[in-house]
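Single-letter residue listing:
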Amino acid sequence: MRRDASPFIRFWIEFAENRLALAALGVVILVVGAAILAPLFTPQDPYDIGKLVLGDARRPPGHVGSGGYVHLLGTDAQGRDLWSAILYGLRISIQIGITAGAVAFIVGGSLGTIAAFAGGRTEALIMRFIDLQLSFPAILLALVISAILGQGKWQLTIALVASQYAYFARTAHGAAVAERAKEYIEAALSTPLSSRVVVFRHILPNCMPPLIVVATVQIANAISLEATLSFLGLGLPVTHPSLGTLISNGFQYMLSGRYWISIYPGIALIVLILAVNLVGDQIRDQLNPRLQR
Amino acid sequence: MTAALEVRGLKTHFFTRSGAVKAVDGVDLTIERGRVLGLVGESGSGKSVTGLSILGLIDHPGRIVEGSVKLDGQELVGLDRDAARRVRGRRIAMIFQDPMMTLNPVLRVGTQMSMALRAHETVSNDTARERSVRALSRVGLPTPEQCLAAYPHQLSGGMRQRVAIAIALLHSPSVIVADEPTTALDVSIQGQILQEMQRLGAETGVALVWITHDLAVVSSLAHDIAVMYAGRIVEHGPTADVLAQPRHPYTRGLLDSVPGEAKPGEKLAQIPGSIPALIDLPPGCAFRARCSRASGACEAMPEIAEIGGRLARCFHPLEAA
Amino acid sequence: MSAPLLELDAVSRRFSRRISLGDRIAAKLGATVEMREVRAVESVSLSVMKGETLGLVGESGCGKSTLGRIAAGILAPSAGTARLDGKPVMSETGRREKLTTRVQTVFQDPFASLNPRKRIGEAIAEGPLAHGLIDRAGSRAYVAEQLSRVGLDPSYSSRFPHQFSGGQRQRIAIARALAMKPDLLICDEPVASLDVSIQAQVLNLFLDLRRALNLTAIFISHDLGVVRHLSDRVAIMYLGRIVEIGPASEIYAAPKHPYTQALLASVPRLNRHREGRTAFKPIAGELPSPLSPPPGCHFHPRCGFATERCRSEPPQLRPLGPERWAACHLAE
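So, how was this worked out
Residues numbered from 1 in each chain as written. Chains lettered and ligands numbered in written order. Predicted model: local features only at pLDDT ≥ 70, side-chain atom pairs only at ≥ 80, totals over all residues. Heavy atoms only, no water. Helix = DSSP H or I, 4+ residues; strand = E, 2+ residues; numbered from the N terminus. Buried < 20%, exposed > 50% of the residue type's maximum accessible area, 1.4 Å probe, protein only. Contact = heavy atoms within 4.5 Å. Areas by Shrake-Rupley, 256 points an atom, 1.4 Å probe, with all protein chains shown as cover. Lys, Arg positive; Asp, Glu negative; His and termini not counted. Charge placed at Lys NZ, Arg CZ, Asp CG, Glu CD. Domains from an automatic or database assignment. Buried area = accessible area lost by both parts, 1.4 Å probe. Polar contact = N/O pair within 3.5 Å; in protein donor to acceptor, adjacent residues only side chain to side chain. Nonpolar A, V, L, I, M, F, W, Y, C, P; charged D, E, K, R; others polar. Salt bridge = Lys/Arg side-chain N within 4 Å of Asp/Glu carboxyl O.

**Let's talk about the overall build of chain C**
- The secondary structure content of chain C amounts to ten helices and twelve strands.
- Residues counted as buried form 55% of the 332 residues belonging to chain C.
- In chain C, once contacts between residues fewer than 6 apart in sequence are set aside, the share between residues at least 24 apart is 65%.
- In the form shown here, chain C has an accessible surface area of approximately 14,200 Å², with 51% of it arising from carbon and sulfur atoms.
- Side-chain charges of chain C comprise 44 positive and 32 negative groups, with the mean position of each set lying 3 Å from the other.

Written out as structure tokens, the structure reads:
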């Protein structure tokens, strides 16, 4: 291992030593790539209602539909090709999960760091509010907000950010309080450098390790939360199905033997969340100072 | 008469992913009862690992690869767990830089002392208490009863270290290994502890290995000094001889680096370069890269040999002044 | 050495425990709430002349680091002012911000005082860039100059702190402080965490730089030998007060305050030309807690000469000879 390599390179070399995490990262990249490039791999645009043929509805996997192509994973109740619907659904799920995670990261990370740096009343005010929110189940908060805002991608993202930023803020605050007490912060302040520079260029970058760990967990959580909300009918409309909507739609056919409508989107969801969590676990192990060699 | 502690050819290596770290690489020491040996070295010299190896406290990935440690003639290297546990704390004890290494923060001092007693003896509550009080007053704690009822955090750093010393002395061990026990303490408290240890050593006849980076501390405390560098002893002899006329260039450099001897404001005679990493240490004298007397001969490892009333490991030792 | 560069005018610093809401309610209900207040520094006046090095010595809890931080503009004094060339170091009201770049600090722990995520070149250039001492175009050359001045290879500027040893890191910290072109350097135990052989290298570097740059410095240390070696004048602190101040050579040769005498006597000496072991002469007693220092002279419970007056009346610093001051009722 080269000693003059940047911290990022050294991190990557160590990451690659864990085969399972590497495989999980591969799965994540594959799934995300397939979702982004969905139109290239799918025979059908599941959002184009005009193209849906009701005669093709609820067909089992392997059925050749009226479009002349094989429905690899069958079709749903609206006659959508499930393979196409899953990839497009993943696209929405990932998009919402990452957007919500990133916004929550920025908002929560900044709030927590600023609170830790400011101290006193500002800190007490921000952190007590966040504690209050954390004492509330995230799913409940997300439910209430999306019930108020209604269906749609942006409404859903806002609901997710509102219920998740607190985790980032709590983590950032904890890390920043520890960093704030270190001598390099004292050195920066005694130069003197402005508070803005000290907070965003010195404290925040050093709070990144725990924040990145929280981020991987929270992106997985955001995806499953989104699926939950959609499953409950509060997330995305049936015309733009995400994975949760697909599972929900297929649920009523489960007992009639048409398992594929729910099962395949469910498998896609599990694979994605499991892979993200495995990657997150490895990152956490690597960043945990107690496990560091 | 057998020596209280006899260490021969001790090698302790740590097997890491990047290679074997030879923290201790062939150390010989002999200490008689009632004597104090100052084991001096900078960070990475292997002095602390030597102390831990003597007690058999080396954990994975470290291992004693070679050598023998004899306590009153009994071999300690290779003892099984139970046998080692019967020896540790009873016949040989250790004092650490941070007394909280041995003190449990959630138990009262009295509880811990009677636990330490009962680890090796069967005693009644009253006897345990009485012996604890006696041990605490022996180390100069003015109010031993109050101290027994206290939790470690209620005591000052100096008092905690005294308690740790009292626990070490409970079973009247033959040998105590003290690893930088005064480094974290204030000057005035350090002076008190040193005074106490000097007295206790003479009273109890315990053999004391005093590990430190501070030459000044051992210069007044130790009968003998052993200077370590990169896992080996480079000079070993009576304190007065070693300090007055160091023969190894490293000992000399170390002594000259201490401010207080030099004229104020003048530059100190520094040793150039830095302490070598113990991983992949090149063969030969480890000090040669920093040494002004080094020659081609130093590419082989010099044996430790007697010169001027002490042992030195050098091909080009300094002459007597 | 003519005009004082730094003047501390009766500075005090108190640290109080944060009063929680629970305590406030308890106090309202009539309970006695313990108000814990540490007087880290109690009304200290001090001046440092241009070009001199003042050593600040004391045991833990004596307030030497707090006093250094007040001089450095890191901590605002609770009372009194610190002035550099007659101008206050920190703003007197509002958020108490540091107003000058002419005082810089070198900290104790070189493993904590460098931001682990900044390349050392960035760390050195950051302050001068923020204050317009240099521009981006000139920063590379400037950093190279700073590094070579402290004896490091300029090509190291793109490395991270973890790639350096303790001694090298302390050199980097010194380079970072000097890059701000300070008139006054506060050194807070800069060699305490270094090995003896490395400590000598850093002390020598400090001596060289002081001569080359005509630096004024406050050198804080618990190590009496180090302070003796570097300082022109020495101030001894005990529980927040200066008990003795004067030229280094005179204080070490003939200390006037009983605490200074006892402290000097309790330091283990490396006497290379002495036969065998010597007895230690430590100060008796524990350091009192700074939360409840003894009344009168703080040192009286440990002092062999204490009288009734020492137990009640705190002694003031008074002159005992040219440039020599001590805070003791009995010293002469």
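Here the narrative resumes.
**Thoughts on the domain arrangement of chain C**
Residues and elements named next belong to chain C.
- Examined at the domain level, chain C breaks down into domain 1 (6-102 + 182-326) and domain 2 (103-181).
- Look at where the C-alpha atoms of domain 1 and domain 2 centre, and you get two points 28 Å apart.
- Contacts between domain 1 and domain 2 engage 28 residues on the former and 20 residues on the latter.
- Both faces considered, domain 1 and domain 2 share a buried interface measuring about 2,000 Å² in area, 67% of it formed by carbon and sulfur atoms.
- The largest share of the area that domain 1 buries against domain 2 comes from T101, P182 and L205, three residues that together contribute 26% of it.
- For the pair domain 1 and domain 2, the number of links is ten residue pairs in polar contact (both at pLDDT 80 or more).
- Elements with a minimum of two residues in the side of domain 1 that touches domain 2: α2 (64-72), β7 (184-188) and α6 (196-213).
- Across the side of domain 1 that touches domain 2, the residue classes tally to 18 nonpolar, four polar and six charged.

**Comments concerning the interface of chain B and chain C**
- Taken residue by residue, the interface counts 51 residues in chain B and 41 residues in chain C.
- Note on chain B versus chain C: buried area summed over both sides is about 4,000 Å², and carbon and sulfur give 53% of it.
- At the boundary of chain B and chain C, one finds one salt bridge.
- D208(C) is the partner of K267(B) in a salt bridge, and the nearest nitrogen-oxygen pair spans 2.9 Å.
- Scanning the region where chain B abuts chain C turns up 18 residue pairs in polar contact (both at pLDDT 80 or more).
- At the level of elements, α7 (187-204), α8 (215-221), α9 (239-244) and α10 (249-257) of chain B are the ones that each hand at least two residues to the side of chain B that touches chain C.
- No other element matches α7(B), which puts nine residues into the side of chain B that touches chain C.

**Digging into the interface of chain A and chain C**
- On the chain C side, the residues contacting the 21 residues of chain A number 31 residues.
- Buried surface at the junction of chain A and chain C, both sides included, amounts to about 2,200 Å², of which 48% is carbon and sulfur.
- Joining chain A to chain C, the criterion identifies one salt bridge.
- The partner of R69(C) in a salt bridge is E186(A), and the shortest N-O contact between them spans 2.5 Å.
- Counting across the chain A and chain C interface gives eleven residue pairs in polar contact (both at pLDDT 80 or more).
- Of all elements in the fold, only α1 (7-16), α8 (183-190) and α9 (195-231) of chain A reach the threshold of two or more residues within the side of chain A that touches chain C.
- No other element matches the seven residues that α9(A) contributes to the side of chain A that touches chain C.

**Thoughts on the domain arrangement of chain B**
All names here are of chain B.
- Domain boundaries in chain B define domain 1 (5-91 + 175-312) and domain 2 (103-170).
- One C-alpha centre belongs to domain 1, the other to domain 2; they are set 29 Å apart.
- Taken together, the contact between domain 1 and domain 2 spans 17 residues of the former and eleven residues of the latter.
- A buried area of about 1,100 Å², summed over both sides, lies between domain 1 and domain 2, and 69% of it is on carbon and sulfur atoms.
- The three residues of domain 1 that bury the most area against domain 2 are I176, I193 and L200, which together make up 33% of that side's buried surface.
- Across the domain 1-domain 2 interface, the total number found is one salt bridge.

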